[in-house]
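Structure at a glance
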Amino acid sequence: MRGRTDEVQKRRLITSLCLVGIVICFVFVYYGSFFGSRVQRGTSTLRRLGSPYLGGNEDADSKQNESSTALVQEDGDIDIALKSFPVCDDRHSELIPCLDRHLIYQLRLKLDLSLMEHYERHCPPAERRYNCLIPPPPGYKVPIKWPRSRDEVWKANIPHTHLASEKSDQNWMVVRGEKIVFPGGGTHFHYGADKYIASLANMLNFSNNNINNEGRVRTVLDVGCGVASFGAYLLSSDVIAMSLAPNDVHQNQIQFALERGIPAYLGVLGTKRLPYPSRSFELAHCSRCRIDWLQRDGLLLLELDRLLRPGGYFAYSSPEAYAQDEEDLRIWKEMSALVDRMCWKITAKQNQTVIWVKPLTNDCYMEREPGTQPPLCRSDDDPDAVWGVPMEACITPYSEQSHISRGSGLAPWPARLTAPPPRLADFGYSSEAFEKDTDVWSRRVETYWNLLSQKMKPDSLRNLMDMKTNMGSFAAALKEKDVWVMNVVPEDGANTLKLIYDRGLIGTVHSWCEAFSTYPRTYDLLHAWTVLSDIDTKGCSVEDLLLEMDRLLRPTGFIIIRDKRPLVESIKKYLPALRWEAVATAEGESDSDQDEDEVVFVIQKALWLTNDNLRDSE
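Attention here is on the structure that accompanies the text. Sequence order sets the numbering: in each chain, residues are counted from 1 along the sequence as written. Given that this is a predicted model, residues contribute local features only at a pLDDT of at least 70 and side-chain atom pairs are listed and counted only at 80 or more, while totals for whole chains, interfaces and linings are drawn from all residues. Side-chain numbers come from the whole structure's heavy atoms, not from hydrogens or water.

Whenever a carboxyl oxygen of Asp or Glu lies within 4 Å of a side-chain nitrogen of Lys or Arg, that contact is scored as a salt bridge. The tally for this structure, following the rule as stated, stands at 36 salt bridges. Put simply, Asp-340 and Lys-345 hold a salt bridge, and the shortest N to O gap is 3.5 Å. In this structure, Arg-565 and Asp-597 form a salt bridge, with 3.4 Å as the shortest nitrogen-oxygen distance. One end of the pair, Arg-565, is in helix α17 (residues 565-571); the other, Asp-597, is in the loop between β18 (580-587) and β19 (598-605), and 32 residues separate them in sequence. With relative accessibility at 43%, the residue Asp-597 sits in the partly exposed group. Each member of the salt-bridge network shares a partner with another, and the members are Glu-282, Arg-309, Arg-416, Arg-423 and Asp-502. Numbering of helices and strands runs from the N terminus; a helix is a DSSP stretch of H or I covering at least four residues, while a strand is a stretch of E covering at least two. Burial here depends on accessible area, computed with a 1.4 Å probe over protein chains only, as a share of the maximum for the residue type. Under 20% is buried, over 50% is exposed, and the range in between is partly exposed.

If you want it as structure tokens, here you go:
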């Protein structure tokens, strides 16, 4: 009997232990999935970073990662002040969230490859965003300073050398030890962009073979720019180019351009308008850019037409301009007929290059036979609306004012930088308001430079971004500095980008609820004037924006936040998690009722590497 009792007790004990084990597993799975989902969303992640940053203390980092500060919000919710963000996997060191082909495959988007839709922006939904810090590649170094960077960059910063071998006969780039060197060549100008640019000026009979034509040519669009050597050599003529190329089979060409310190943007002539207003460029350029200009009733060529100013030029260097085989002759014949119906005229043709000029007025459009294709755009079409707007196969006529003035009415560069732009009236702005804005930002930039001087090394700034510009006065105040500025205009406000181009500056339209179209680590300074307040108002994630700013910024680069005091104070809790250092805080001088209680907060991004980075760099 005693033996049976012992056996029954053993069975009961085993059964109890099994039940306890099942309960423990259930609790572990439930709460593990709960906290795991919070880490994946990145809303209040306390996940430990697996890799200490360069110069950091692993034990200290471990303690910091395991701690957090609880902050009680007005509505009673508890907000967690982050001490760390996870670091993305090394394979994401060049992540461009809205131009990620892996995302396209994962989401199974049905895109027309023949229309280049797969190179257009497709942003990840909230649940698929990478809420982590983008690590630099192994062995990353602080970029070489301008102007040396025009001709050489560190190979470790962009460890891609396939273009050097693929374009070895065209002098795009050459690998020399730890550096990649750029001799200034291109597919069409093997012997140097400088000689090629001079030849274009000569074809146009510009004085002294200078492409700026005494300040009349200032802004240029280079389509299919390669590594942007054309834009690089234009700068010495006081001409600034928006070098444009997609993230295509020639991957990293725009990354090379920005690493060199040359203005550039990831974009494609696909189905949507390029993010620039009408009449932005004096010259458009295509050198073997591999674009079928005849497709879809000349849609892509008509997009260039929208962007060119009255009397603007299109320089086209391609086999079709000179080759005598049957296919090239067919393309040339059809293209010549198309541009003739668009009222473009050949102004010069030499060797492999042809240059067309756009009419100064609407006269030619009005004189065309009824039913001539392509048609004029509808009267209700806004030629300056560009954010996600599909291209249309139609000609954008000039406004009545431009037609009467027979041109853009712009002063030559550099006078146009401070002269009130003709299109000011489109926004109801007066010349006095424009001049005041210019003066206000001149004083503000002087204050910024004084604050930066505490940490900034000489010649350490080259690529700058004004994340929310109005009339471009921040960039205008930097004219005497050896920098260039990407001016960003909000997609939902007054589209003042045309004023910026009229001033001889460059920029784009963007929504900061989404990632910007550029590679990581491409800007030395970000200027965020009320950008964070706007994001908060729109209901988008401030955390997402801070991570995006970190992605854009080069290590050792700076951020200038100019915003309301409470918002600036709330941002400070993120500094340890982002590895940012507070440099200076100052009161924002009040220039209007809207400026009251603004604070200027200057931040510097640390240079950090993961353990894997360190091992590889050793």
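And the narrative resumes.
Attention now moves to the sheet that holds strand β5 (residues 179-181). Only when DSSP finds a minimum of two bridges between them are two strands counted as paired. A sheet is described by the order of its strands in space; here 3 strands give the open sequence β3-β5-β4, paired in antiparallel fashion. Looking at the sheet topology across the chains shown, the edges are occupied by β3 (152-154) and β4 (174-176). Strand-to-strand, the axes of this sheet are offset by a mean angle of 30°, without reference to chain direction. Relative to β5, β4 is paired through 3 bridges, and the arrangement is antiparallel. Along β5, the bridge assignment pairs Val-175 with Ile-180. Angular values range over 0 to 180 degrees, each being the angle between N-to-C directions of two axes fitted as lines to C-alpha atoms, with helices fitted over their stretch in contact.

It is worth spelling out the sheet that holds strand β12 (residues 353-357) at this point. One open sheet holds the 7 strands; their spatial order is β8-β7-β6-β9-β10-β12-β11, and the pairing between them is mixed. If you trace the sheet from one side to the other, it starts and ends with β8 (264-266) and β11 (345-350), each paired once. Averaged over neighbouring strand pairs, the angle between their axes works out to 20° when direction is ignored. Pairing of strand β6 (residues 219-223) with strand β7 (residues 240-245) involves 5 bridges; the strand directions are parallel. Paired with Val-223 across the strands is Leu-244, a residue of β7. Whether two residues are in contact is decided by their heavy atoms, any of which lying within 4.5 Å being enough. Most of the contacts of helix α5 (residues 193-203) go to β12, to which it runs at about 50°, and overall it touches β9 (281-287), β10 (308-317), β11 and β12. Helix α8 (residues 295-307) contacts β6, β9 and β10 of the sheet and is inclined by roughly 135° relative to β10.

Bringing the environment of Ala-477 into the picture now. With respect to the helices and strands, Ala-477 occurs in the loop between α13 (473-476) and β14 (484-490). Note: C-alpha distance between Ala-477 and Thr-418 (59 residues apart in sequence) is 9.7 Å. Leave out the neighbours within four places in its chain, and Ala-477 touches Trp-441, Ser-442 and Val-445.

A word on unusual backbone geometry. In this structure, Pro-147 follows Trp-146 across a cis peptide bond, with omega equal to 10°. Structurally, Pro-147 is set in the loop between α3 (101-107) and β3. Backbone torsion omega between Gln-373 and Pro-374 reads 0°, so that peptide bond is classified as cis. Here Pro-374 lies in the loop between α10 (363-367) and α11 (400-405). One non-glycine residue with positive phi stands out, namely Asp-459, at about 60°. Mapped onto the elements of the fold, Asp-459 is located in the loop between α12 (431-452) and β13 (463-466). Judged by relative accessible area, Asp-459 falls into the exposed class, the value being 58%. Within the chain, Thr-530 stands out as a residue other than glycine whose phi angle is a positive 55°. In this structure, Thr-530 sits in the loop between β16 (523-529) and α15 (531-538).

Purely geometric stuff here, so don't read any function into it on its own.
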